[in-house]
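Spelled out, the chains give:
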Amino acid sequence: MSSSLYLGCHKTRQYVHVSESSGGGWFRGANWSVLVGAFCRVHHDEVLVPMGEEEIEETGGDSWNPIDPYREWTPETFEALAAELVTDEYTASYIPEMVQYVKQHLAE
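Quick caveat: nothing in here was measured; it's all calculated off a predicted structure.

## Quick notes on the packing of aromatic side chains
Item 1. Per the stated rule, a full pass over the model turns up four aromatic pairs.
Item 2. A ring pair is formed by Trp-73 and Phe-78, whose centres lie 6.4 Å apart and whose planes are at 40°; its orientation type is tilted.
Item 3. Judged by relative accessible area, Trp-73 falls into the buried class, the value being 1%.
Item 4. An aromatic cluster of three or more residues is present, and its members are Phe-39, Trp-73 and Phe-78.

Structure, rendered in structure tokens:
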């Protein structure tokens, strides 16, 4: 049985996949390492915590809390989720450039 590890932020209620392992002893890194870097960059002033699948479900990542669920950064969602974090001139100055960088690397 495999299990995934995520990096999450309770304040923004967002998370990103960082690794996966199995009881058989294999490990692999993030599905999209460029998304992990971008996630950390836009959450630079926030507390980030490691989270397992169970923790995400318990804190609303699934159907437990349909009003305010945790949202995962994926190639399809990262741009909109990052845009939500533009709060000042500083974040507005680098997030558009970061989004273009991520898109370029996801296309490769």
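## Re helix H1 (residues 33–42)
Item 1. Buried residues of H1: Val-34, Leu-35, Val-36, Ala-38, Phe-39 and Val-42, and no others.
Item 2. Packing partners of the buried residues in H1 comprise strand E1 (2–9), strand E2 (14–22), helix H3 (78–83) and helix H4 (89–107).

## Topic: the nonpolar core
Item 1. Of all hydrophobic cores here, the largest spans 19 residues; its most connected members are Val-16, Val-42, Trp-73, Ile-95, Met-98 and Val-102.
Item 2. When residues of this core are traced back to their parent elements, those giving at least two are E1, H1, H3 and H4.
Item 3. If one sorts the elements of this core by residue count, H1 sits on top with six residues.
Item 4. Every residue in contact with Val-42, bar those within four places of it in the chain, is listed here: Trp-73, Leu-85, Tyr-94, Ile-95 and Met-98.
Item 5. Within the second largest apolar cluster, five residues are counted, among which are Tyr-6, Met-51, Ile-56 and Tyr-70.

## Things to note about the pattern of salt bridges
Item 1. Within this structure, the stated rule accounts for four salt bridges.
Item 2. Among the ionic pairs, Glu-46 bridges to Lys-11, the shortest N-O distance being 3.6 Å. Of this pair, Glu-46 sits in the loop between H1 and strand E4 (49–52) while Lys-11 sits in the loop between E1 and E2, placing them 35 residues apart in sequence.
Item 3. Among the salt bridges present, the one from Lys-103 reaches Glu-79, with a minimum N-O distance of 3.0 Å. Note that Lys-103 is positioned in helix H4 and Glu-79 in helix H3, a separation of 24 residues in sequence.
Item 4. Under the relative-accessibility criterion, Lys-103 is labelled partly exposed at 35%.

## Section: the layout of surface pockets
Item 1. Quantified by volume, the largest pocket comes out at close to 200 Å³.
Item 2. As for the largest pocket, its lining consists of 14 residues, and the residues nearest its centre are Val-42, Glu-46, Leu-85, Thr-87 and Thr-91.
Item 3. Considering only residue class, the lining of the largest pocket consists of two nonpolar, six polar and six charged.

What counts and what doesn't
Residues numbered from 1 in each chain as written. Predicted model: local features only at pLDDT ≥ 70, side-chain atom pairs only at ≥ 80, totals over all residues. Heavy atoms only, no water. Phe/Tyr/Trp six-rings, centres within 6.5 Å; stacked < 30°, edge-to-face > 60°. Buried < 20%, exposed > 50% of the residue type's maximum accessible area, 1.4 Å probe, protein only. Helix = DSSP H or I, 4+ residues; strand = E, 2+ residues; numbered from the N terminus. Contact = heavy atoms within 4.5 Å. Core = buried A, V, L, I, M, F, W, Y, C linked by side-chain atoms within 4.5 Å. Salt bridge = Lys/Arg side-chain N within 4 Å of Asp/Glu carboxyl O. 1 Å grid on protein atoms, 1.4 Å probe; cavity = no way out; pocket = protein on both sides within 12 Å on 5 of 7 lines; lining within 4 Å. Points joined across faces, edges and corners; volume = space filled by probe spheres on them. Nonpolar A, V, L, I, M, F, W, Y, C, P; charged D, E, K, R; others polar.

Keep in mind that these numbers describe shape and distance, not what the molecule does.
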